[in-house]
Amino acid sequence: MKRHAIREVAFQILFAMESNETTNLAELYQQLKLQNKELSPEIPTYLELLVTGVHNHLAELNDLLIKYLKAGWSLQRLNKADLVIMQLATFEIKFVAETPNRVAVDEALELAREYSDEASRKFINGVLSNLIQQEN
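Scoring rules and cut-offs
- Residues numbered from 1 in each chain as written.
- Predicted model: local features only at pLDDT ≥ 70, side-chain atom pairs only at ≥ 80, totals over all residues.
- Heavy atoms only, no water.
- Helix = DSSP H or I, 4+ residues; strand = E, 2+ residues; numbered from the N terminus.
- Rg over C-alpha atoms; globule rule 2.2 N^0.38 Å.
- Buried < 20%, exposed > 50% of the residue type's maximum accessible area, 1.4 Å probe, protein only.
- Axes fitted to C-alpha atoms, helices over the stretch in contact; angles between N-to-C directions.
- Left-handed = near helix turned anticlockwise from the far one by under 90°.
- Contact = heavy atoms within 4.5 Å.
- Nonpolar A, V, L, I, M, F, W, Y, C, P; charged D, E, K, R; others polar.
- Expected span 1.5 Å × (residues − 1).
- Arc of directions from axis to C-beta.
- Phe/Tyr/Trp six-rings, centres within 6.5 Å; stacked < 30°, edge-to-face > 60°.
- Polar contact = N/O pair within 3.5 Å; in protein donor to acceptor, adjacent residues only side chain to side chain.

## A look at the overall build of the protein
For step 1, the next point in the chain: The helix and strand tally for the protein stands at seven helices and zero strands.
For step 2, the next point in the chain: Reading the protein from its N terminus to its C terminus gives the helix and strand order α-α-α-α-α-α-α.
For step 3, the next point in the chain: At 14 Å, the protein has a C-alpha radius of gyration in line with the 14 Å of a compact globule built from 136 residues.
For step 4, the next point in the chain: In terms of its C-alpha atoms, the protein occupies a principal-axis envelope of roughly 45 × 30 × 30 Å.
For step 5, the next point in the chain: Here the protein, with 136 residues, has 45% of them falling under the buried criterion.

## Quick word on the packing of helix α1 (residues 3-19) against helix α3 (residues 45-56)
For step 1, the next point in the chain: It is at 9 Å that the axes of α1 and α3 come closest, and there the two elements cross at 35°. α3 is crossed by α1, and the crossing has right-handed handedness. In this structure, α1 uses R3, I6, R7, V9, A10, I13, L14 and M17 to contact α3, whose residues at the interface are Y46, L47, L50, V51 and V54.
For step 2, the next point in the chain: Its residues assigned to classes, the contact of α1 with α3 comprises eleven nonpolar, no polar and two charged.

## Here's the deal with α3
For step 1, the next point in the chain: End to end, α3 covers 16 Å across twelve residues, agreeing with the expected 16 Å (1.5 Å per residue, within 8%).
For step 2, the next point in the chain: Listed as buried for α3 are Y46, L47, L50, V51, G53 and V54. Within α3, the buried residues cover an arc of 165° as seen down the axis, which keeps them to one side. Residues of α3 that are exposed and point more than 90 degrees away from the buried face comprise T45 and N56.
For step 3, the next point in the chain: Buried residues in α3 make contact with α1, α2 (25-35), α4 (58-68) and α5 (80-95).

## Here's the deal with the packing of aromatic side chains
For step 1, the next point in the chain: The full count for this structure, using the stated rule, is four aromatic pairs.
For step 2, the next point in the chain: Both rings, one in F91 and one in F95, keep their centres 5.3 Å apart while their planes meet at 25°; by these two values the pair is stacked. On the criterion of helical spacing, the pair formed by F91 and F95 is a turn pair, its members being four residues apart in helix α5.
For step 3, the next point in the chain: On the basis of relative accessibility, which here comes to 3%, the residue F91 falls in the buried class.
For step 4, the next point in the chain: On the basis of relative accessibility, which here comes to 34%, the residue F95 falls in the partly exposed class.
For step 5, the next point in the chain: Every member of this aromatic cluster is reached through a ring pair, and the members are F11, F15 and Y115.

## Some words on the side chain of E92
For step 1, the next point in the chain: With respect to the helices and strands, the residue E92 is situated in helix α5.
For step 2, the next point in the chain: Among the polar contacts made by the side chain of E92, one reaches the side chain of T99 at a distance of 3.4 Å.
For step 3, the next point in the chain: Filtering out sequence-adjacent residues up to four positions away, E92 remains in contact with R7, Y46, L50, T99 and A104.

Shown next as structure tokens:
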């Protein structure tokens, strides 16, 4: 399974968890597998890393994102899809050394293309680019 597909499934699972904290990774993966025959029988290691990593570091990731939102913006004001996309990319930027920062941003923009709109893509790009410049 390619990394982009893994990120997309991670996004779907994290989005579901955002709506319902009792969502179980393994159960949701099995449901997604019924809809997408390309998913491997077992949960890919990288998918598990992304989902558990974002979930375990959520407060830290949100604190980082808050620092780079425009004045007057809060996490509560963000579209949930945009927030989850940025949390996922921020996790990769901060905790997954083998993923280049630019790749994490590009993948976030691809997810935004599929699950959000052009204005959100520009917003996500701005927040993540500022985060990379200031944090690295």
